[in-house]
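Examining the three-dimensional arrangement
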Amino acid sequence: MTQAIQILIIGLTLGGVFALMASGLTLIFGVMGIVNLAHAAFMVAAAFISFFAYKGLGLDPIASIVLTMPVMFVVGLVVYRLFFARSIDDPKKRSVLVLVTFAMALVIEGTLGFFFSNIYRSTNPPYAYDAFLMGPFYLPKGQFYATLMSALILGALWAMLRFTRLGYAIRATTHNRTAAEVVGVNVDRVSMFVFGIGMALAGASGSMISFLFSFYPGKHWEWVAILLSLVVLGGMGSLLGALIGALSLSVISAFVNSAYGPTWSPVTFYLALFAILLIRPQGLLGKKPEL
Amino acid sequence: MSTDTAIAGPADQTDANRSRRIFLGIIIVATLAFPLLQVFFGGFSYWLHMALFLYMNIAIASSWNIIGGFAGYISLGHNVFFAIGGYSAAILFAYFGVSPFIAFPLCGLISMGFGFIIGMMTLRTRGPTFIISTIALVLLAKILLDNWDYIGGSNGISLPLLDMPVEYVKLPFYYAMLAIAAGSVFLGYSVRRWKFGLGLRAISQDETKAEVAGIPTRFYKTLAFALSGLFIGMAGALWGYYLTYLSPAIFLTILVGAKFVLMTILGGRGTISGPIVGAIIFISANEFFVAQFGATELNIVATGVLLLLVLMFFPEGIVGTLKRNGKLPAILDWD
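The following paragraphs examine the structure supplied in this document.

Calculation criteria
- Residues numbered from 1 in each chain as written.
- Chains lettered and ligands numbered in written order.
- Predicted model: local features only at pLDDT ≥ 70, side-chain atom pairs only at ≥ 80, totals over all residues.
- Helix = DSSP H or I, 4+ residues; strand = E, 2+ residues; numbered from the N terminus.
- Rg over C-alpha atoms; globule rule 2.2 N^0.38 Å.
- Buried ≥ 20, exposed ≤ 12 C-beta atoms within 10 Å, placed from the backbone.
- Contact = placed C-beta atoms within 7 Å.
- Expected span 1.5 Å × (residues − 1).
- Bend = angle between axes of the 7 residues up to and from the residue.
- Axes fitted to C-alpha atoms, helices over the stretch in contact; angles between N-to-C directions.
- Parallel < 35°, antiparallel > 145°, perpendicular 65-115°, else oblique.
- Nonpolar A, V, L, I, M, F, W, Y, C, P; charged D, E, K, R; others polar.
- Left-handed = near helix turned anticlockwise from the far one by under 90°.
- Core = buried A, V, L, I, M, F, W, Y, C linked by C-beta atoms within 7 Å.

Take the overall build of chain A next. The helix and strand tally for chain A stands at 11 helices and 2 strands. Walking chain A from its N terminus toward its C terminus, one meets helices and strands in the order α-α-α-α-β-β-α-α-α-α-α-α-α. For 291 residues, the compact-globule formula gives about 19 Å, and the C-alpha radius of gyration of chain A, at 19 Å, lands near that figure. Viewed in the frame of its principal axes, chain A has a C-alpha envelope of about 60 × 45 × 35 Å. Put simply, chain A has 291 residues, and 51% of those count as buried. Excluding contacts between residues fewer than 6 apart, the proportion of contacts in chain A whose partners are at least 24 apart in sequence is 77%.

Shown next as structure tokens:
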């Protein structure tokens with residue numbers, strides 16, 4: 001029993017970070033209808049920024065979100081302008097956009113691999129190896145701080161979506177792109193900002209993973225598949241769904257990890273993906289497709 | 001262009017047909033006779049290798065085209081079929097002594113069977129979720145094979161060399177790959193002509209309307225997915241034997257699947273000659289890049305950049321773009 005609660009704690013604290021990682025992905029899908037396969041590649045790129053900020057400037061990886069978030073936001077705006085702006089409203093071109101993101105992921109992976117080589121790296125601030133002890137349980141400090149930070153960022157995102165005019169426009173566009181355009185929402189601008197925000201969230205996630213996991217350029221495929229599986233479980237485009245998916249799958253995978261070893265914990269996510277496709281293809285909170 | 005053909009119709013058509021037939025005849029004779037150079041003169045080992053590698057990729061691209069081109073469902077995980085074919089041949093050979101040259105059609109059928117089962121699960125949804133599931137499929141298959149000790153796990157499995165004089169050892173592979181490529185192209189050509197192919201095209205245009213028109217869309221999609229695994233499985237079966245060594249890292253990286261996609265899109269998906277043109281250009285370019293930069297990270301970058309450029313500027317591929325502008329040479333217009 002004690003052990004089960006311990007695993008639950010580990011799973012939930014990792015789940016918060018997974019939710020942060022997935023939030024950008026699901027937000028972009030909701031507004032633009034694009035699955036961004038490069039999301040995790042951008043995360044790894046941000047993790048490299050955090051890594052070098054930590055090694056070079058001694059900047060704490062959690063604090064380095066002040067660097068990664070703005071940088072990735074601008075990268076997001078540029079990428080949107082270059083690759084998506086002209087194709088997003090053309091249904092024929094839109095169907096290949098997912099391949100565009102796939103190609104971007106390859107370019108990022110190869111470029112990072114070329115300059116920094118495919119060795120395992122991680123930032124190692126002191127709290128990454130420390131834990132709070134509470135009676136029979138322990139709570140790894142790194143995971144705890146990361147989840148706290150993720151909750152803060154997600155809370156800010158929620159407040160932005162709920163209370164600002166931009167957030168209102170984003171929700172309207174998610175709900176119905178054409179109708180939003182009809183009532184005067186500048187859908188193109190909203191999409192651009194959403195892509196920027198999604199990338200900024202990827203940037204923050206990159207800072208978190210830089211000390212939670214060891215990373216190398218080729219690792220992003222594993223992450224993007226994990227993120228996509230929990231986004232599909234929650235329902236594509238639903239933020240709350242992504243949160244539920246992240247927490248539940250991360251707890252399950254923590255149990256699998258302790259029972260069968262770390263090799264098999266990613267398998268949880270992939271099998272869950274196939275199970276969802278069999279049972280409820282639209283996900284827990286997803287919109288049922290027409291027909 | 002349509003008015004042109006209407007006016008100049010039949011004569012032009014027969015002309016085009018004749019030139020196409022002559023062209024195909026020359027290609028068939030040339031490909032069948034090419035190994036004679038090795039037999040009589042020797043020293044063509046490298047070119048035999050390149051040719052059979054090319055045939056394999058033509059087979060793969062034409063097969064991928066059935067689901068990715070005709071049906072419009074982009075699969076980034078078709079290298080799973082490649083691995084299934086390769087490993088089923090390796091198991092049959094290493095443990096039961098059945099030569100892959102006898103077993104390869106069976107291996108194709110096995111991977112087609114897997115394709116049917118996987119397709120029944122992953123093709124329940126439309127659009128992006130399918131793509132996601134194909135990526136997850138690659139990663140899942142890699143973990144499973146990495147940990148399956150019966151076939152060597154991540155260390156891979158070695159197969160004995162084909163027992164033949166070294167200068168002739170490539171010949172059986174050459175002809176087998178040629179046959180697989182021909183079969184794959186012919187399958188694509190037939191599918192295009194069947195009612196089934198018409199249904200797939202309807203699905204790629206507008207799946208809802210296709211469903212309303214009475215096309216059994218889910219069955220068609222699943223069948224297309226399975227059929228596209230048939231020849232890729234066969235190619236995998238012989239490729240593993242040709243390399244005499246199989247490991248999950250050879251077959252099951254994302255980059256391998258990405259190259260399948262790139263070849264087809266480069267040539268023009270949804271056309272018959274597109275995958276062939278794409279494979280020829282891609283394999284030549286790849287050989288050049290590997291010779292120049294080595295098969296490392298820059299190879300990944302080059303693949304990604306090429307894919308980006310094609311998608312941004314020629315989303316219909318070489319054959320598709322030429323065809324739209326009415327500039328496609330008749331000898332390549334096989335549709």
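On we go from here.
Turning next to helix α2 (residues 45-70) of chain B. Residues and elements named next belong to chain B. Helix length check: α2, at 26 residues, gives a terminal C-alpha distance of 36 Å against a target of 38 Å (1.5 Å per residue), a fit within 8%. Approximately 35° is the largest bend angle found in α2, and it occurs at Trp64. Burial analysis of α2 places 19 of its 26 residues in the buried class, which makes it a mostly covered element. Directly after α2, the chain includes Gly72, whose backbone phi takes a positive value near 75°.

Residue and element names in this part refer to chain B. For helix α11 (residues 254-267), with 14 residues, the first-to-last C-alpha span of 20 Å sits near the 20 Å given by 1.5 Å per residue. In terms of burial, α11 is a largely internal element, 12 of the 14 residues being buried. Residues Ile254, Gly257, Ala258, Lys259, Phe260, Val261, Leu262, Met263, Thr264, Ile265, Leu266 and Gly267 constitute the buried set of α11. Just past α11, the residue Gly268 takes up positive phi, approximately 130°.

Residues and elements named next belong to chain A. Closest axis-to-axis distance for the helix α6 (residues 165-175)/helix α8 (residues 187-212) pair is 10 Å, and the angle between their directions is 105°. Accordingly, the angle class assigned to the pair α6 and α8 is roughly perpendicular. Each of Leu166, Ala169, Ile170 and Thr173 in α6 lies in contact with α8, whose residues at this interface are Val187, Val190, Phe193 and Val194. Of the residues that constitute the contact of α6 with α8, the class distribution is 7 nonpolar, 1 polar and no charged.

The next point concerns the interface of chain B and chain A. The partner chain A presents 35 residues to the 33 residues of chain B that form the contact. Among the elements of the structure, α4 (100-122), α5 (128-146), α8 (207-212), α11 and α13 (297-313) of chain B are those that each provide at least two residues to the side of chain B that touches chain A. Partitioning the side of chain B that touches chain A into residue classes produces 21 nonpolar, 8 polar and 4 charged.

Below, the discussion takes up the packing of helix α10 (residues 239-260) of chain A against helix α11 (residues 265-279) of chain A. The relative placement of two packed helices is expressed as an angle between their axes plus a distance between the axes. Residues and elements named next belong to chain A. At a closest axis distance of 8 Å, the pairing of α10 and α11 adopts a crossing angle of 135°. Put simply, α10 runs oblique to α11. For the crossing formed where α10 meets α11, the hand is right-handed. Here Leu249, Ile252, Ser253, Val256 and Asn257 of α10 lie close against α11, whose contacting residues are Ser265, Thr268, Phe269 and Ala272. Of the residues contributing to the contact of α10 with α11, the split by class is 5 nonpolar, 4 polar and no charged.

In this section: the nonpolar core. In terms of nonpolar packing, the biggest core is built from 201 residues, with Leu227 and Leu230 of chain A together with Met177, Ala235 and Leu238 of chain B touching the most fellow members. Residue contributions to this core peak at 16 residues, all from helix α9 (residues 217-243) of chain B. Excluding anything up to four places from it in sequence, Leu227 of chain A contacts Met21, Ala22, Leu25, His39 and Ala40 of chain A.

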